[in-house]
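Each chain, letter by letter, is given below.
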Amino acid sequence: MMITSSLLHRNHLFVTPETSKHNPDVSFWDQGNLSALKCRSMKEFKQAHVQSLKLGHHHDIHSATTLISTCALSAWGCMEYACSIFEQIEKPTSFLFSILIRGYLKDNNPNAAILSYLEMLERDVKPDNFTYPIVLKGCSQLGALEEGMQIHGHVLKLGFHSDIYVQNSLINMYGRCGEIKLSCGVFDRLEVKSSASWSALISVYSSLGLWYDSLRLFRGMTEEHWRPHESTFVSVLSSCAQLGAFRLGRSAHGSLIRHFTGHNVVVETSLIDMYMKCGCLERGCYVFENMPSKSILSYSVMISGLAMHGEGKKAMWVFSDMLREGLKPDEAVYVGLLSACSRAGLVDEGLKAFDKMRFEHGLEPSIKHYGCVVDLMGRTGRLQEAYELVRSMPFEPNDVLWRSLLSACKVHGNLELGVHVQRNLLQLNSNNSGDYILLSDLYAQSLQWDSVAKVRAEMVQRGSPQTPGFSMIEVERKVYKFVSQDKSHPQSDEIYKMLHQMGWQLRFEGYCADISQVPFDVDDEEKLRLLGGHSQKLAIAFGLITNKESPIRIVRNLRMCKDCHTYTKYISKIYDRVIVVRDRNRFHHFREGTCSCRDYW
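These lines cover the structure that appears in this document, whether it is placed above or below.

Calculation criteria
- Residues numbered from 1 in each chain as written.
- Predicted model: local features only at pLDDT ≥ 70, side-chain atom pairs only at ≥ 80, totals over all residues.
- Heavy atoms only, no water.
- Pairing = 2+ DSSP bridges.
- Helix = DSSP H or I, 4+ residues; strand = E, 2+ residues; numbered from the N terminus.
- Contact = heavy atoms within 4.5 Å.
- Axes fitted to C-alpha atoms, helices over the stretch in contact; angles between N-to-C directions.
- Buried < 20%, exposed > 50% of the residue type's maximum accessible area, 1.4 Å probe, protein only.
- Arc of directions from axis to C-beta.
- Disulfide = S-S within 2.5 Å.
- Phe/Tyr/Trp six-rings, centres within 6.5 Å; stacked < 30°, edge-to-face > 60°.
- Lys NZ or Arg CZ within 6 Å of the ring centre and 35° of its normal.
- Patch = residues over 30% accessible without salt bridge, like charges linked within 9 Å, V, L, I, M, F, W, Y side chains within 5 Å.
- Areas by Shrake-Rupley, 256 points an atom, 1.4 Å probe, with all protein chains shown as cover.
- Salt bridge = Lys/Arg side-chain N within 4 Å of Asp/Glu carboxyl O.
- Lys, Arg positive; Asp, Glu negative; His and termini not counted.
- Charge placed at Lys NZ, Arg CZ, Asp CG, Glu CD.
- Expected span 1.5 Å × (residues − 1).

### Things to note about the sheet that holds strand S2 (residues 478–483)
- One open sheet accounts for six strands, arranged S2-S1-S3-S4-S5-S6; its pairing is mixed. Single-partner strands in this sheet number two, and they are S2 and strand S6 (594–595).
- For strand S3 (residues 552–556) and strand S4 (residues 579–582), the ladder comprises four bridges, and the chain directions are parallel. Opposite valine 555, over in S4, you have arginine 582 as the bridge partner.
- The sheet contacts of helix H31 (residues 535–546) involve strand S1 (470–475), S2, S3 and S4, and relative to S1 the element is tilted by about 15°.
- Contacts from helix H32 (residues 562–574) reach S3, S4, strand S5 (587–591) and S6, with the element oriented near 35° to S5.

### A short note on helix H6 (residues 79–86)
- Every buried residue of H6 is listed here: Met79, Ala82, Cys83, Ile85 and Phe86. Axial view of H6: buried residues confined to an arc of 160°, hence all on one face.
- Buried-residue contacts for H6 involve helix H4 (42–54), helix H5 (61–73), helix H7 (94–106) and helix H8 (110–122).

### Observations regarding the state of the cysteines
- By the definition in use, this model includes zero disulfides.
- Free of any disulfide, cysteine 83 has its nearest neighbouring cysteine sulfur in cysteine 78, separated by 8.5 Å.

### Describing the packing of aromatic side chains
- Enumeration over the complete set of coordinates arrives at 18 aromatic pairs.
- An aromatic cluster of at least three residues, connected via ring pairs, comprises Phe45, Trp76 and Tyr81.
- We note lysine 294 situated over the ring of phenylalanine 288; from NZ or CZ to the ring centre the distance is 5.0 Å.
- Above the face of the phenylalanine 246 ring, arginine 553 is positioned so that its terminal group lies 4.2 Å from the ring centre.

### Some thoughts on a positive patch on the surface
- A surface patch of like charges, here positive, comprises Arg250, Arg258, Arg283 and Arg477.
- Looking at the element boundaries, arginine 477 is found in the loop between S1 and S2.

### Description of a nonpolar patch on the surface
- On the surface, Leu115, Leu118 and Leu121 cluster together into a nonpolar patch covering about 250 Å² of accessible area.
- Mapped onto the fold, leucine 115 is located in helix H8.
- Judged by its relative accessible area of 56%, leucine 115 is exposed.

### Considering H7
- Between its first and last C-alpha, H7 extends 18 Å over 13 residues, near the 18 Å set by a 1.5 Å rise per residue.
- Within H7, twelve of the 13 residues are buried, leaving the element largely enclosed by the surrounding structure.
- For H7, the full list of buried residues reads Ser94, Phe95, Leu96, Phe97, Ser98, Ile99, Leu100, Ile101, Arg102, Gly103, Tyr104 and Leu105.

### Here's the deal with the environment of phenylalanine 395
- Among the secondary structure elements, phenylalanine 395 is positioned in the loop between helix H24 (383–392) and helix H25 (399–412).
- Measuring from C-alpha to C-alpha, the distance between phenylalanine 395 and serine 366 comes to 9.2 Å, with 29 residues separating the pair along the chain.
- Residues within four places of phenylalanine 395 in sequence aside, it is in contact with Pro365, Ser366, Ile367 and Tyr370.

### Describing the pairing of S5
- Most of S5 sits out of view: four of its five residues are buried.
- With four bridges joining them, S4 and S5 adopt antiparallel strand pairing. Following the sheet pairing, valine 580 is matched in S5 by histidine 589.
- Judged from the two bridges that link them, S5 and S6 form a sheet pairing that is antiparallel. Bridging from a neighbouring strand, arginine 591 pairs with threonine 594 of S6.

Coordinates in, geometry out; function isn't part of it.
Printed below as a string of structure tokens:
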């Protein structure tokens, strides 16, 4: 709305009650248009339109502009009706086309927006610098790179290469189309950058999963003394959430408090997401509970966050609060709720929620919802029921769903069903190395080493790249990444000395390494060496060296193995430290020798 409103005021196309009161030259048709501006529904608008027609203003470009903008851009508006008025105009202006394009974007119809731009060119109406930001936004939504590049050519041809708003839109468009180098190229060529320019590129990096680069750029922005917008913090908080960078996220929250009085619902929802994904459940709950108003997205993020922490009961309470507020849950809310039930082992509650979704709220379950229910049953050992549910779904199961069942087979040691599930994965031409690793682990649990070797050889033959496990830890606002047996860190000697010291302490406490977690046919000594160098243990050692007081927070990309889980429980007791680990499935809060998951994960 910012672009439209600024142009309207500049060209004096809108007549407000104030200007009417003090300007005797305001004509009668202007007063008629005021009634259109005050409309609250299509019914009222049509009455105002009829009044305008009776007064003979249907050919007046100013009157038509007011009517079209009101109808196209209002929350209650109708694009079809706005277009019918637009079609009566013989010579529409560039501003009128811009309104039409913006209206289509509001209606989530970027195809029509771009077609309107093409019609504009065909009718020899010259676009202006207000047209390009919105038409480029349409290209962004569609991922229409080729069309976006052609429009970039028009921008250069018409001399808008120095317009900061157009250039910021190009940065965003190229980024949303996955062309980060082109985004950076536009940014680097800017003669004069603005806060919006920095924000656009930070947002692009974050949306493409380049979270380190997003935070690096944000640091550069602040070092050059640019003041970030609120929207910038949404991208920064998202990057902190994905990296588990709690201290950076907390610092960003502090900047928000210092520079902005009151935050909109999007920013507060981003804060909840950051705190939840960084393992700080209490702060996430505090932000949520103190929000003056909550959206469906706020509830969805909160429920999903509680699910990650295994707080199934609390997630159900929040869901009940949402219903009492009169908000109708959507598909995303139910994905979070079913996940919460799954991670907390609430089978009956989860199945009731699945029925409530279908029969009470009339939502058709997607494959994600079925996947949550399969995971719910699989975790509790109801493997055969989970398998039957997969077979009875109204659509073909995908690899994610089969993989969830295969993981449950590994947890419960059901080799026979696991082999059958793996065959279904192969039929889908899944080339995920994790599928082979899960099956090989199943064979390893049964000490069938020949089968383990065969599965691993097949994985190599098919060219399935194995995703290496890693653990990340934030120290002094920097995020460090460790892989198994890692010795690349500058403080590697200190880290391994700490590991050795931890090992001695563990022996006195009765810890015994679970060598069954090593899926290789090697001697026990080698298995102990491999277990001792797991990335999580290296990250914990580094955390104990560098972080003397606050909780140690670690983010893993894979599911935590049983040995690391037991090891971390002992360490939390021996060193009297809180250790928070986020693995691929959920959060684990280790404290005084216990874990928040109650050994169910």
